[in-house]
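Residue-level listing of the chains:
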Amino acid sequence: MQAKKSFGQHFLNRLDIAESIAQSLTLIHDTPRVLEVGPGQGMLTNFLINRQKTEPFELVAVEADKDMVSLLHKNYPPPPPLSINAEQQGVKVLFEDFMKTDLTKVFNGQSFCLIGNFPYNISSQILFKMVDNRTLIPEMVGMFQKEVADRVVSKPGGKVYGIISVLIQAFYEGKTIINVDKSCFTPPPKVQSSVIRLVRKDHQDLGCDEKLFKQVVKQAFSQRRKMLRNTLKPFFLKDPLVLTDNFYTRRPETLSLEEYIALTQQIEKLRLTNNE
């Protein structure tokens with residue numbers, strides 16, 4: 001079955017890489033539920049089902065292409081009806097768009113691990129949806145365009161460090177698992193790929209207003225070549241003298257996560273003072 005451009009499909013053709021991705025989930029023992037996004041022809045699905053034989057867990061796949069759903073139903077059986085001694089083996093396939101899926105309903109409100117060879121055209125949206133639903137998702141393993149993967153795990157000071165780096169790392173620890181050449185896909189994409197793992201941090205309280213934190217980070221990187229004293233002016237219109245501090249001569253890519261939190265706390269404090 002041919003890949004469809006409308007779904008951003010590029011099918012992995014390396015069994016060893018698919019197996020490596022399936023084995024990279026580390027929290028199945030504690031969270032025996034897995035949601036696969038965009039299974040396509042089911043290569044990764046097959047290795048997840050194989051893993052169920054030794055580590056029983058519930059597997060659900062979300063696929064938006066009806067032709068792929070039909071193929072998955074044909075090749076991979078659904079799990080048997082639950083009984084006291086039954087082991088969950090097989091996959092339940094949901095025919096729907098992941099971005100429209102209510103994640104609180106997939107496993108009846110229970111937490112789950114997220115995995116997939118994600119469609120590159122919505123990969124960033126998938127990550128932000130994961131963050132919005134982070135109370136449900138302790139771990140994610142996924143294939144991304146290498147440029148996106150590098151941004152997610154990048155440390156301060158690098159050219160690719162940016163909005164997605166700070167907002168994901170605020171809640172998850174990340175690392176690159178493997179880099180994947182474009183020749184490992186059919187049809188081959190125009191870009192290189194990487195598999196990354198994200199594990200939710202134990203401490204989720206930033207110590208500042210989360211909505212304001214996101215606004216500050218996005219504003220800081222809105223003109224990444226400019227110093228913070230220029231990009232952050234809208235937050236300090238009532239306190240312009242604050243921007244004379246040497247801290248604001250820095251550029252956004254040089255600030256750590258902790259510094260963005262401290263910056264947000266400063267803005268919160270100034271707003272509180274001005275409202276008194």
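It should be noted that the structure appears before, not after, this text.
Owing to the predicted nature of the structure, the values given are computational and were not obtained by experimental measurement.

Asks: Sorry, what's going on with the packing of aromatic side chains here?
Replies: The geometry of an aromatic ring pair comes down to the distance between the two centres and the angle between the two planes. Under the definition given, this model contains six aromatic pairs. Seen from their ring centres, Tyr161 and Phe221 are 6.2 Å apart, and the 65° between their planes marks the pair as edge-to-face. Within this pair, whereas Tyr161 is found in the loop between helix 6 (146–153) and helix 7 (163–169), its partner Phe221 is found in the loop between helix 8 (210–220) and helix 9 (228–231), the two being separated by 60 residues in sequence. On the numbers, 5.5 Å between centres and 75° between planes, the contact of Phe236 with Tyr248 is edge-to-face. Here Phe236 is found in the loop between helix 9 and helix 10 (257–275), whereas its partner Tyr248 is found in the loop between helix 9 and helix 10, with twelve residues between them in sequence.

Asks: Honestly, the pattern of salt bridges in this entry has me stumped. Any pointers?
Replies: Opposite charge on two side chains permits them to pair, given that their charged atoms come into close proximity. What the rule picks out here adds up to ten salt bridges. Arg51 is the partner of Glu55 in a salt bridge, and the nearest nitrogen-oxygen pair spans 2.7 Å. Note on accessibility: Glu55 and Arg51 belong to one class, buried. Close ionic contact of Lys214 with Glu210 constitutes a salt bridge, the shortest N to O distance being 3.5 Å. Placement of both Lys214 and Glu210 in helix 8 is noted, with a separation of four residues, approximately one turn of the helix. Accessibility expressed as a relative area gives 23% for Lys214, which makes it partly exposed.

What counts, and at which threshold
- Residues numbered from 1 in each chain as written.
- Predicted model: local features only at pLDDT ≥ 70, side-chain atom pairs only at ≥ 80, totals over all residues.
- Heavy atoms only, no water.
- Phe/Tyr/Trp six-rings, centres within 6.5 Å; stacked < 30°, edge-to-face > 60°.
- Helix = DSSP H or I, 4+ residues; strand = E, 2+ residues; numbered from the N terminus.
- Salt bridge = Lys/Arg side-chain N within 4 Å of Asp/Glu carboxyl O.
- Buried < 20%, exposed > 50% of the residue type's maximum accessible area, 1.4 Å probe, protein only.

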